[in-house]
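# Observations on the three-dimensional arrangement
Residues per chain, in single letters:
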Amino acid sequence: MKRTLGVCYYPEHWPEEEWADNARRMVETGLTWVRIGEFAWQRMEPASGRLELEWLDRAIDVLGAAGLKVILGTPTATPPRWMLNKHPDMNIVTPDGVRRKFGSRRNYCFSHLGYRQECARITRILAERYGKNPHIAAWQTDNEYGCHDTTLSYSTHARDGFRDWLAQKYQSTDALNRAWGNVFWSLDYNTFDQIELPNLTVTDPSPAHVMAFRRYSSDQVVAFNRVQTEILRAHTDAPLIHNYMGRITEFDHYTVGEDLDIASWDSYPLGFLSDRLEGTPEHKARYLRQGDPDMQAFHHDLYRSVGRGRWWIMEQQPGPVNWAPYNPAPLPGMERLWAWEAFAHGAETVCFFRWRQPAFAQEQMHTALLRPDGVDAPALAEVLQVSKEISTIPNAGTATARVALIFDYTSAWAWDVQPQGADFDYFRLCMSHYRALRRAGLSVDILPADTQNLNQYKLVLAPGLMVIPPSLMAALTTFQGTALIGPRSNVKTDEMSISVPLGPNLPNLDSKVVNTESIPPNCAIALQNGGTIRHWFEHLEGEAPIRWSTADGRPAIVSNGNLNYLAGWFDDETLFKLIAETCVDLEMEVTDLPDGLRIRDTQTHRFYVNYAPEDLEHEGLKVPAAGVVWKAF
Amino acid sequence: MKRTLGVCYYPEHWPEEEWADNARRMVETGLTWVRIGEFAWQRMEPASGRLELEWLDRAIDVLGAAGLKVILGTPTATPPRWMLNKHPDMNIVTPDGVRRKFGSRRNYCFSHLGYRQECARITRILAERYGKNPHIAAWQTDNEYGCHDTTLSYSTHARDGFRDWLAQKYQSTDALNRAWGNVFWSLDYNTFDQIELPNLTVTDPSPAHVMAFRRYSSDQVVAFNRVQTEILRAHTDAPLIHNYMGRITEFDHYTVGEDLDIASWDSYPLGFLSDRLEGTPEHKARYLRQGDPDMQAFHHDLYRSVGRGRWWIMEQQPGPVNWAPYNPAPLPGMERLWAWEAFAHGAETVCFFRWRQPAFAQEQMHTALLRPDGVDAPALAEVLQVSKEISTIPNAGTATARVALIFDYTSAWAWDVQPQGADFDYFRLCMSHYRALRRAGLSVDILPADTQNLNQYKLVLAPGLMVIPPSLMAALTTFQGTALIGPRSNVKTDEMSISVPLGPNLPNLDSKVVNTESIPPNCAIALQNGGTIRHWFEHLEGEAPIRWSTADGRPAIVSNGNLNYLAGWFDDETLFKLIAETCVDLEMEVTDLPDGLRIRDTQTHRFYVNYAPEDLEHEGLKVPAAGVVWKAF
Amino acid sequence: MKRTLGVCYYPEHWPEEEWADNARRMVETGLTWVRIGEFAWQRMEPASGRLELEWLDRAIDVLGAAGLKVILGTPTATPPRWMLNKHPDMNIVTPDGVRRKFGSRRNYCFSHLGYRQECARITRILAERYGKNPHIAAWQTDNEYGCHDTTLSYSTHARDGFRDWLAQKYQSTDALNRAWGNVFWSLDYNTFDQIELPNLTVTDPSPAHVMAFRRYSSDQVVAFNRVQTEILRAHTDAPLIHNYMGRITEFDHYTVGEDLDIASWDSYPLGFLSDRLEGTPEHKARYLRQGDPDMQAFHHDLYRSVGRGRWWIMEQQPGPVNWAPYNPAPLPGMERLWAWEAFAHGAETVCFFRWRQPAFAQEQMHTALLRPDGVDAPALAEVLQVSKEISTIPNAGTATARVALIFDYTSAWAWDVQPQGADFDYFRLCMSHYRALRRAGLSVDILPADTQNLNQYKLVLAPGLMVIPPSLMAALTTFQGTALIGPRSNVKTDEMSISVPLGPNLPNLDSKVVNTESIPPNCAIALQNGGTIRHWFEHLEGEAPIRWSTADGRPAIVSNGNLNYLAGWFDDETLFKLIAETCVDLEMEVTDLPDGLRIRDTQTHRFYVNYAPEDLEHEGLKVPAAGVVWKAF
Ligand SMILES: [Zn+2]
Ligand SMILES: [Zn+2]
Ligand SMILES: [Zn+2]
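Each chain has its residues counted from 1, following the order in which its sequence is written. Following the order in which they are written, the chains are lettered starting with A and the ligands numbered starting with 1. Whole-chain, interface and lining totals are the exception, using all residues; otherwise, since this is a predicted model, local features are given only for residues with pLDDT of at least 70 and side-chain atom pairs are given and counted only at 80 or more. Side-chain figures throughout are based on the complete set of non-hydrogen atoms in the structure, without hydrogens or water.

Where an unreviewed UniProt entry is consulted, chain A appears under the name Beta-galactosidase, with the organism given as Falsihalocynthiibacter arcticus. UniProt positions are given in the numbering used here, feature names are shortened, and annotations may be inferred rather than shown by experiment. Recorded in UniProt under Sequence similarities (unreviewed entry), the annotation for chain A is "Belongs to the glycosyl hydrolase 42 family." What the UniProt record of chain A gives under Catalytic activity (unreviewed entry) is the line "Hydrolysis of terminal non-reducing beta-D-galactose residues in beta-D-galactosides."

### Re the sheet that holds strand 17 (residues 555–559) of chain A
All names here are of chain A. Reading across from one edge, 10-9-11-12-18-17-16 is the order of the seven strands in this open sheet, with mixed pairing throughout. The sheet terminates laterally at strand 10 (444–447) and strand 16 (546–549), the two strands that pair on one side only. Averaged over all adjacent pairs, the angle separating strand axes in this sheet is 20°, with direction ignored. Pairing of strand 12 (residues 482–485) with strand 18 (residues 563–566), which is carried by three bridges, proceeds in the parallel orientation. Pairing of Ala 483 across the sheet is with Leu 563, part of strand 18. In the packing of helix 18 (residues 572–586) onto the sheet, the strands contacted are strand 11 (459–462), strand 12, strand 16, strand 17 and strand 18, and the crossing angle to strand 16 comes to about 155°. DSSP bridges decide pairing: two strands pair if at least two such bridges lie between them. In this text, helices come from DSSP runs of H or I with a minimum length of four residues, and strands from runs of E with a minimum of two, each type numbered from the N-terminal end. All axes are obtained by fitting lines to C-alpha atoms, using only the stretch in contact for helices, and the reported angles, taken between N-to-C directions, cover 0 to 180 degrees. When checking whether two residues touch, look at their non-hydrogen atoms; a contact exists if any pair is within 4.5 Å.

### What to know about the UniProt feature "active site" (unreviewed entry) in chain A
Residues and elements named next belong to chain A. Following the UniProt record, one finds the feature "active site" (unreviewed entry) at Glu 144 and Glu 315. For the annotated residues, spread through 172 residues, the largest C-alpha to C-alpha distance comes to 10.4 Å, consistent with a single compact locus. Within the secondary structure, Glu 144 sits in the loop between strand 4 (136–140) and helix 6 (156–170). Not counting chain neighbours up to four residues away, the residues in contact with Glu 144 comprise Arg 105, Arg 106, His 242, Asn 243, Met 245, Asp 266 and Glu 315.

### A short note on the interface of chain B and chain C
Listed by partner, the interface residues are 51 residues for chain B and 55 residues for chain C. Computed with a 1.4 Å rolling probe, the buried area is the accessible surface lost when two parts are put together, summed over both parts. Summing the contributions of chain B and of chain C, the shared interface buries around 4,400 Å²; its carbon and sulfur component is 58%. Salt bridge, as used here, is a side-chain nitrogen of Lys or Arg placed within 4 Å of a carboxyl oxygen of Asp or Glu. Linking chain B with chain C are four salt bridges, by the criterion used here. Note that Glu 517 of chain B and Arg 289 of chain C form a salt bridge whose closest N and O atoms lie 2.2 Å from each other. N or O atoms within 3.5 Å of each other form a polar contact, as long as, within protein, one can give a hydrogen and the other can take it, and as long as residues adjacent in sequence are counted only when both atoms are side-chain atoms. For the interface between chain B and chain C, the tally reads 24 residue pairs in polar contact (both at pLDDT 80 or more). Here the side of chain B that touches chain C gets six residues from one element, more than from any other, and that element is strand 13 (residues 512–518) of chain B. Residues that form the side of chain B that touches chain C fall into these classes: 23 nonpolar, 17 polar and eleven charged. Residue classes follow a fixed rule: Ala, Val, Leu, Ile, Met, Phe, Trp, Tyr, Cys and Pro count as nonpolar, while Asp, Glu, Lys and Arg count as charged, and any other residue, Gly among them, counts as polar.

### A short note on the interface of chain B and chain A
Tallying the contact residues gives 55 residues for chain B and 51 residues for chain A. Each partner contributes to the roughly 4,400 Å² buried at the junction of chain B and chain A, and carbon and sulfur atoms together form 58% of this total. Taken together, chain B and chain A are joined by four salt bridges. A salt bridge links Arg 43 of chain B to Asp 188 of chain A; its shortest N-O distance comes to 3.3 Å. Inspection of the chain B/chain A interface yields 24 residue pairs in polar contact (both at pLDDT 80 or more).

### What to know about the side chain of Arg 214 of chain B
Along the chain, Arg 214 of chain B turns up in helix 8 (residues 207–233). Setting aside its immediate chain neighbours within four residues, Arg 214 of chain B contacts Leu 152, Glu 250, Trp 413, Asp 416 and Val 417 of chain B.

### As for the packing of helix 6 (residues 156–170) of chain C against helix 8 (residues 207–233) of chain C
Each pair of packed helices can be described by the angle between their axes along with the distance between the axes. Residue and element names in this part refer to chain C. One can describe the packing of helix 6 onto helix 8 by two numbers: an axis separation of 10 Å at closest approach and a directional angle of 105°. Taken as axis vectors, helix 6 and helix 8 run roughly perpendicular relative to one another. Listed contacts from helix 8 to His 157, Ala 158, Gly 161, Phe 162, Trp 165, Leu 166 and Lys 169 of helix 6 are His 209, Ala 212, Phe 213, Arg 215, Tyr 216 and Asp 219. Among the residues making up the contact of helix 6 with helix 8, the classes are represented as seven nonpolar, three polar and three charged. Working definition: roughly parallel below 35 degrees, roughly antiparallel above 145 degrees, roughly perpendicular at 65 to 115 degrees, and oblique for all remaining angles.

### A word on the pattern of salt bridges
What the rule picks out here adds up to 144 salt bridges over all chains. The residue Glu 541 of chain C makes a salt bridge to Arg 371 of chain A at a minimum N-O spacing of 3.0 Å. Residue Glu 541 of chain C is located in strand 15 (residues 532–541), and its partner Arg 371 of chain A is located in the loop between strand 8 (349–352) and helix 14 (378–390); the two belong to separate chains. Burial classification: accessible surface area is computed with a 1.4 Å probe over protein chains only, and a residue below 20% of its type maximum counts as buried, one above 50% as exposed, and the rest as partly exposed. Taking relative accessible area as the criterion, Arg 371 of chain A reaches 3% and is therefore assigned buried. Glu 52 of chain B is the salt-bridge partner of Arg 50 of chain B, the closest N and O atoms lying 2.6 Å from each other.

### Topic: the coordination of the zinc ion (ligand 2)
Each pair of donors in an ideal octahedron of six around a metal sits at 90 or 180 degrees, and each pair in an ideal tetrahedron of four sits at 109.5 degrees. Residues and elements named next belong to chain B. Within the first shell, the zinc ion (ligand 2) binds the protein through Glu 144 (OE) and Glu 315 (OE), at distances of 2.4 to 2.6 Å. Here Glu 315 lies in strand 7 (residues 311–316) and Glu 144 lies in the loop between strand 4 (136–140) and helix 6 (156–170), a separation of 171 residues in the sequence. Residue classification places Glu 144 among the buried positions, given a relative accessible area of 3%. Classification of Glu 315 by relative accessible area gives buried; the value is 3%. Here the term donor refers to an N, O or S atom within 2.8 Å of the metal (or 3.2 Å for Na, K and Ca), and because water is left out of the atoms, sites may appear incomplete.

### Description of the domain arrangement of chain A
Accessible area lost on assembly of the parts is the figure often given for the size of an interface. All names here are of chain A. Just so you know, the domain bounds were taken from an automatic or database domain assignment. Domain annotation of chain A identifies domain 1 (4–150 + 238–392) and domain 2 (403–585). Domain 1 and domain 2 are separated by 35 Å when their C-alpha centres are compared. If you look at the interface, domain 1 gives 24 residues, while domain 2 gives 18 residues. With its nearest N and O atoms 3.0 Å apart, the salt bridge here joins Arg 435 to Asp 292. Taken together, the links from domain 1 to domain 2 amount to 18 residue pairs in polar contact (both at pLDDT 80 or more). Mapped onto the side of domain 1 that touches domain 2, the elements with two or more residues apiece are helix 9 (253–258) and helix 12 (295–306).

### Re the relation of the copies chain B and chain A
By a simple turn and slide, chain B fits onto chain A: the slide is 0.0 Å along the axis, the RMSD is 0.0 Å, and the turn is 120°. When the rotation and shift are considered jointly, the pair of chain copies conforms to a three-fold rotation axis. Superposing the copies works by least squares over the C-alpha atoms of residues that have pLDDT at least 70 in both of them.

### Quick notes on the pairing of strand 4 of chain A
All names here are of chain A. Counting buried positions along strand 4 yields four of five residues, so the element is predominantly enclosed. Across two bridges, strand 4 lies against strand 5 (residues 240–245) in parallel orientation. Bridging from a neighbouring strand, Gln 140 pairs with Ile 241 of strand 5.

### Topic: the packing of helix 12 (residues 295–306) of chain B against helix 13 (residues 334–344) of chain B
All names here are of chain B. Following both chains from N to C, one finds helix 12 and helix 13 inclined at 35°, their axes separated by 10 Å at the closest point. The chirality of how helix 12 crosses helix 13 is right-handed. Note on element contacts: helix 13 touches helix 12 through Trp 338, Glu 341 and Ala 342, opposite Gln 296, Ala 297 and His 300. Counted by class, the contact of helix 12 with helix 13 contains three nonpolar, two polar and one charged residues. Throughout, a crossing is termed right-handed when the near helix is turned clockwise from the far one, and left-handed when it is turned anticlockwise from it by less than a right angle.

### Quick notes on the environment of Arg 105 of chain B
Tracing the backbone through its elements, the reader meets Arg 105 of chain B in the loop between helix 4 (83–86) and helix 5 (113–130). C-alpha of Arg 105 of chain B to C-alpha of His 242 of chain B: the two residues are 137 residues apart in sequence and 17 Å apart in space. Not counting the four nearest positions on each side in its chain, Arg 105 of chain B is found in contact with Trp 185, Val 202 and Thr 203 of chain A together with Phe 39, Ala 77, Thr 78, Asn 143, Glu 144, His 148 and Glu 363 of chain B.

### Some words on the UniProt feature "domain: Beta-galactosidase trimerisation" (unreviewed entry) in chain A
The sites that UniProt annotates as "domain: Beta-galactosidase trimerisation" (unreviewed entry) are residues 401–583 of chain A. The span residues 401–583 of chain A is 23% helical and 28% strand by assignment, and the distance between its end C-alpha atoms comes to 14 Å.

### Some points on the packing of aromatic side chains
Working definition: rings of Phe, Tyr and Trp (its six-membered ring) pair if their centres are within 6.5 Å, and the pair is stacked with planes under 30 degrees apart, edge-to-face with planes over 60 apart, and tilted otherwise. If you walk through the whole model with that rule in mind, you get 135 aromatic pairs over all chains. Measuring from ring centre to ring centre gives 6.2 Å for Trp 265 of chain A and Phe 272 of chain A, while their planes differ by 20°; the resulting arrangement is stacked. When its relative accessible area of 0% is taken as the criterion, Trp 265 of chain A is described as buried. Consider the rings of Trp 41 of chain B and Tyr 115 of chain B, whose centres lie 6.1 Å apart with planes at 35°: the pair is tilted. Highlighted residues: Trp 41 of chain B in helix 2 (residues 41–44) and Tyr 115 of chain B in helix 5, separated in sequence by 74 residues. This pair shows no difference in class: Trp 41 of chain B is buried, exactly as Tyr 115 of chain B is.

### Overview of helix 17 (residues 470–477) of chain B
All names here are of chain B. By the burial criterion, the buried members of helix 17 are Leu 472, Met 473, Ala 475 and Leu 476. Down the axis of helix 17, the buried side of the element spans an arc of 160°, and every buried residue falls inside it. Those residues of helix 17 that are buried are in contact with strand 9 (403–406), strand 12 (482–485) and strand 18 (563–566). Within this analysis, the arc is defined by the directions that extend from the helix axis to the C-beta atoms.

### Examining unusual backbone geometry
Going from Gly 503 of chain A to Pro 504 of chain A, the amide bond is cis rather than trans, its omega being 10°. Here Pro 504 of chain A shows up in the loop between strand 12 and strand 13 (512–518). Note that the residue after Gly 486 of chain B, namely Pro 487 of chain B, is joined by a cis bond; omega there is 0°. Note that Pro 487 of chain B resides in the loop between strand 12 and strand 13.

This is how it looks when you write it as structure tokens:
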């Protein structure tokens with residue numbers, strides 16, 4: 001597979017007579033792909049059943065004739081206004097019980113089966129018409145599932161669907177009552193129709209109740225997407241893709257990904273640093289125009305896993321966006337850096353969002369490769385540069401990692417349902433461990449919890465893993481490398497009860513979590529040899545050898561040599577120290593990268609990206625601010 | 001009365017074959033009491049009218065046979081799901097007009113008379129069956145009235161009840177219009193049916209309107225509880241108890257208490273410090289694992305008053321809980337300290353919550369005396385130690401205090417309705433005065449506003465008392481000790497108007513509050529001899545002698561010798577200085593305890609509790625960190 | 001016109017036998033005006049159609065007989081409770097879709113035509129009865145339009161009115177779809193009945209959609225007011241006034257003002273500093289008892305413009321109020337300072353709110369000229385002093401300003417709809433520029449955006465002006481002075497799209513805004529010669545000469561000599577430096593006033609007001625803390 005570039009384009013926004021010139025300029029910029037169609041339902045079908053697809057035929061022809069490969073999106077994220085006449089109750093309902101209104105996008109409820117059939121209908125129409133079109137080289141389903149908090153809906157459709165789902169899963173309310181522990185607070189049900197969605201309760205609803213709803217809701221995303229992929233499969237051989245959004249954890253991306261050929265994600269480094277990442281004000285100021293040095297890489301590694309090796313960036317931030325609290329411009333060089341970092345992590349394609357900034361509507365302040373007046377925007381020159389550079393090292397791929405981090409959507413839901421400490425967040429926990437690995441210069445794979453084989457790895461991390469499934473437990477039992485498990489791992493049952501016997505129940509590691517503490521951000525628990533535990537600390541009991549202790553002599557890490565259980569959430573410096581110490585034990589190459597510098601290997605090259613606003617040096621190599629440098633092995 | 005210990009237990013959570021062993025272990029731990037039943041309505045009556053109480057018979061038998069005294073709770077805080085079929089509109093409604101849903105607890109609206117009758121029915125069934133049972137040695141009504149913001153409900157039932165209540169109170173809308181000042185903003189009513197609940201107005205509703213609704217709402221709690229106590233009284237001689245929750249001020253505990261024999265409260269020192277107490281981050285970090293040094297004592301003194309001398313702790317935090325923003329573990333020793341502090345303040349019984357941590361449901365992360373796997377949790381050994389220690393000084397009781405603080409629920413509502421300064425809170429104001437008394441080493445009584453006799457006291461404080469009722473005014477008139485009244489005391493009428501003539505109208509103290517200021521937390525008003533006024537300052541006018549002045553010469557305290565009016569809310573240091581100076585004048589013993597050390601006397605002993613994380617010394621006595629020490633007089 | 005004083009009075013609150021004495025004391029205090037009636041609808045019409053106006057006849061007689069001029073208010077801000085029986089759906093609806101309830105004031109929805117007719121009816125009744133009454137010397141319509149967030153309502157009446165308004169404006173949905181860019185996200189409409197109000201969408205609604213609703217909502221205020229002014233005009237020759245509230249920008253005051261004779265505003269300096277002004281805690285503490293030094297002046301200059309030269313203060317804060325987060329007392333002298341500052345800016349009349357503090361209802365903690373017990377409050381003596389002082393310099397008027405600042409309500413809506421940076425606010429932006437002018441000692445005019453003639457001015461500022469209308473553009477083209485335009489000026493079309501060609505499109509200034517950045521408060525962009533840009537920075541492109549640059553060499557100000565475009569929001573110090581530098585170029589007198597001291601000229605005098613809590617000196621003149629001093633030219 002060759003490294004390629006692409007762009008998102010909305011022919012319906014521009015006069016038809018400009019399309020050919022736009023296509024020509026795309027090709028001149030070195031772009032291979034053009035994504036179209038995903039918000040154009042109204043133009044495709046201006047009234048229910050009245051199809052107008054000739055403009056789309058022509059757009060595909062013009063783009064294809066220019067030499068571009070077209071990614072065609074199903075337009076199901078933006079149902080037209082007439083859809084509400086047919087399905088007046090199709091819109092999502094908030095946890096407060098308020099139905100959202102038409103007027104933006106993603107207003108549909110995933111549980112509304114009538115709307116799901118409408119999506120099947122339009123997908124079939126597009127698949128039949130374009131499934132064999134030689135210019136359509138890939139398909140995108142919908143757009144950014146879960147964006148704008150749209151996975152969970154508290155509609156009557158969701159309620160009814162949830163009751164059916166529960167009836168199928170538990171078969172009897174007796175079984176459900178037992179599984180959920182409904183004896184507590186007299187919460188037993190006699191019929192499935194008595195069960196409400198777990199919103200608007202006076203105090204906490206049962207965590208098992210909420211977890212069931214979270215699983216149900218994730219399943220609806222999977223089902224919604226599958227309706228489209230099944231239709232598309234019947235009509236096309238082109239790969240099927242969805243463009244996931246950053247730090248969306250409300251549905252299981254691995255499961256959605258099983259129905260697709262390629263995972264892609266929409267990478268907005270500055271927007272994400274501003275609106276969805278923990279960090280001190282100083283950190284956010286330092287990386288204001290570059291983005292967090294580890295956020296993109298985490299998602300690259302995650303989606304490589306979701307795509308079973310095949311992944312893209314479908315939307316790359318091209319300059320200031322319109323939707324974050326603050327919207328600065330990237331430093332010159334960042335478009336190139338972000339693209340190359342993606343390629344280093346194995347991306348096949350990097351698409352920019354979007355070709356030309358529209359002067360109108362919601363995203364008019366979101367920049368693009370062209371300005372609203374059609375003149376080149378600053379990003380364009382960097383895209384052109386990358387297009388030339390990839391021709392010199394054209395093959396997509398990345399190095400085989402020796403380090404793995406387990407990332408599990410069910411665990412994200414579990415700790416969202418039951419944080420136990422106000423600042424406990426699963427993504428944040430995983431990200432802090434990932435940061436330590438990156439600072440050590442390691443290339444990381446991210447794996448789902450049902451991974452069955454760890455043979456490739458020397459070091460595996462599993463922080464916050466709600467349940468270690470049997471297959472992973474089996475793999476750990478024979479694992480030859482070092483595993484760092486915990487904190488808060490394998491301490492629950494699938495039904496969100498505490499495991500008895502008490503977890504983590506690791507093979508050959510006699511250690512139980514007998515008590516749990518969460519502590520506020522201005523408190524810490526000191527370790528015997530320096531460093532601290534923050535946020536979360538578990539009291540361990542058992543005969544397992546103690547590897548690290550707290551200053552007052554309690555276990556901070558227990559270890560049987562290759563399996564370690566971490567009793568707490570270590571601060572960043574201490575996590576790095578642990579990784580470094582472990583790598584030395586494993587005789588793995590390890591380093592301590594300066595703040596902002598990151599490394600990723602492919603099979604042929606080592607890539608150095610410098611997120612810092614100043615030049616940095618490492619091992620004699622100077623990497624300019626906002627720059628990327630690579631060396632062949 | 002002997003000092004005793006107890007525990008909360010849920011036989012319905014555990015296999016019947018384990019009950020006897022549990023009972024045996026309770027007795028071995030030195031426990032006398034076991035509370036059961038209060039959340040088990042669904043197990044008692046799995047469908048409407050279908051009673052299944054044999055399991056409860058057996059549980060009482062097993063526990064009683066082991067030598068335990070049983071406290072039986074009415075299960076009315078957790079109506080089963082079938083109750084909603086009978087009373088679909090029984091749930092509480094939020095100020096935003098949203099009806100809460102089933103799925104947790106305390107979902108009922110206090111104004112729903114249909115549900116109230118259901119509670120009468122189940123109470124009668126239990127009273128008839130167990131009223132003479134020799135093992136049932138006490139009864140608890142419901143559970144934690146008002147917890148989770150459940151006193152106020154904006155339902156149609158509340159609206160209708162409120163209208164009736166107003167019609168009875170005012171007899172005519174003319175009288176109501178005059179009393180509320182409805183001429184202001186054209187708010188007059190012509191019929192009682194025009195009066196809405198005071199939510200969802202565009203800007204402030206009339207304070208008199210809101211106060212009436214607060215009084216009505218408190219009355220419903222009283223009436224709700226009274227339905228149960230009247231039934232129980234007819235069937236049992238055992239004492240009746242309710243377990244109040246910390247810092248709940250939405251209903252009048254004194255009035256509820258009049259229908260009961262013993263007041264009890266649920267003491268969660270770490271949870272309360274985290275979620276419902278003002279304090280700097282430094283203060284909260286210092287006492288993270290001990291709780292605030294004065295919060296528990298305040299409630300002990302309050303509930304001794306509510307119980308007219310008889311009071312218990314019904315639930316004592318046994319380790320980390322699940323519901324506060326952060327949930328650390330107590331320092332070793334704190335279970336013992338908390339229990340002994342309660343005994344020093346006159347508690348008869350301290351019950352721990354709960355016997356065994358369930359692995360399931362909402363409170364699975366709330367620790368207990370036993371772990372989920374049935375092994376002793378850390379608290380158990382401390383409970384056993386206390387049980388041995390109380391056998392050496394077995395008699396319940398406390399010293400006769402010479403100092404009293406008035407605490408009045410109506411005042412809490414008044415300043416909640418009309419804070420006038422964003423950080424003005426009645427509980428906080430009283431607590432700051434209480435802290436100063438405690439730092440001076442004084443044993444304090446807390447009294448209701450309708451106290452008629454102050455003869456026992458040398459020093460009385462009444463900060464923020466909305467209205468001084470005639471009986472208290474009479475007592476003050478002949479009071480021989482020193483009274484510190486104000487700020488913001490006796491400046492209002494019962495109808496929440498400003499008193500004219502202007503308050504405080506104290507006997508022989510010519511001083512009027514002619515102007516009032518609230519100031520933000522980063523501002524202060526300096527006093528002439530050091531110290532500051534914070535939050536609140538009243539401009540006084542009159543001939544009363546000035547005891548303290550502001551730096552610019554205005555009265556800060558006026559005094560006729562024994563009656564003092566405080567014109568402002570003094571900072572903590574200055575409040576202590578005032579108390580100390582006053583005690584010297586009164587020839588009362590006074591000290592200045594180090595931060596964290598507190599004293600309480602019984603008739604036979606002085607108890608020293610050390611909330612600090614370091615050892616402290618006082619008057620040659622060393623008190624270990626998290627320790628308690630006592631000396632006989 | 002002579003400078004006069006007045007007061008707000010509520011005869012309905014006080015026994016009729018006290019009215020004459022009150023009137024006498026008003027006159028003795030030097031008051032000329034008394035405003036009455038604006039909240040008394042229920043007293044005027046206690047039941048629908050039952051009029052009781054005799055008390056009002058008598059009140060007017062008593063006041064008039066004492067020598068006072070009466071301002072009579074239409075009582076439409078406080079519909080009586082019976083109005084809801086006639087118009088059950090008349091109340092305002094929140095953005096969450098919740099209908100507000102009766103029980104305070106301003107509960108009506110501006111779009112409810114039934115209520116609008118009721119207001120016409122009561123206005124006609126009052127106009128017919130009092131239009132020729134010799135004591136009625138002015139009329140006030142309603143009270144504080146827009147206060148308590150009451151301009152925007154999401155009712156079905158608003159929705160229906162909005163659809164009609166859109167149909168009239170656009171004539172066809174095709175035209176609307178094109179104008180709004182509805183092709184984006186498939187948002188096209190087929191009929192006007194499909195268009196909802198822009199609340200409760202999943203993510204941003206179209207900015208053109210929201211702007212249309214903002215314009216529609218402002219138009220309803222204008223129409224609501226016009227119904228009253230048309231009736232009053234037919235019956236009276238007395239001037240018509242409305243009392244606007246501070247920092248209310250949701251409707252266009254200029255347009256409302258066109259139907260009135262005099263603009264007035266309600267000036268609450270301490271309340272506004274506490275609840276509606278940006279500022280560091282240190283700034284707010286320094287001016288706690290004086291108010292912000294520029295906030296009042298800004299409104300004075302604004303309302304002089306809204307009133308086309310004629311303006312009053314209708315309500316002047318007389319001491320602590322009841323409605324701000326914190327409510328301190330003013331420093332002695334501030335009543336006098338505030339009144340004189342208003343006169344210096346050209347006020348004809350300053351009325352105090354209110355005569356006597358009522359002991360009851362919502363505003364009982366809001367002070368007045370008399371205390372609740374009828375005794376003089378501290379403000380009274382200062383009012384008396386001012387009444388004596390104005391007799392020495394009696395003529396109303398102010399100097400002709402040489403400096404103008406454009407302030408435009410449409411721009412306020414635009415940047416509220418699309419801030420692009422979380423802390424970008426139009427009023428704040430204008431205020432920061434105004435502050436710099438004031439610090440330089442300049443007297444400023446505030447002008448609407450449709451100003452046609454700038455001949456009077458040497459310096460004109462137009463920060464954040466969404467669109468420069470053709471008439472202003474024409475005036476700028478021939479302007480001989482210096483204009484400082486931007487940042488974010490003339491970059492949009494009227495339909496809230498980006499202008500293409502890119503703005504600002506100033507005559508003889510070749511400069512385009514090609515990119516835009518917003519940055520968080522802890523970040524800044526350094527300038528070449530010191531100082532910084534905060535919040536907002538635009539990348540300029542073009543041949544225009546660069547006047548100031550950023551430290552890295554990008555344009556910060558471009559200039560063709562007299563027209564300047566500011567590419568960023570300069571920090572306060574830098575803005576002052578720019579003003580000072582510009583004044584020197586213009587050979588205008590300029591100074592650097594100490595923090596808290598401000599100057600305003602009339603045609604005969606220069607007034608110095610000292611908002612600081614310490615005495616200040618300027619040009620050899622000492623101005624006491626909280627003092628005002630004037631010098632004849
Ligand atoms: Zn996107
Ligand atoms: Zn409890
Ligand atoms: Zn007002």
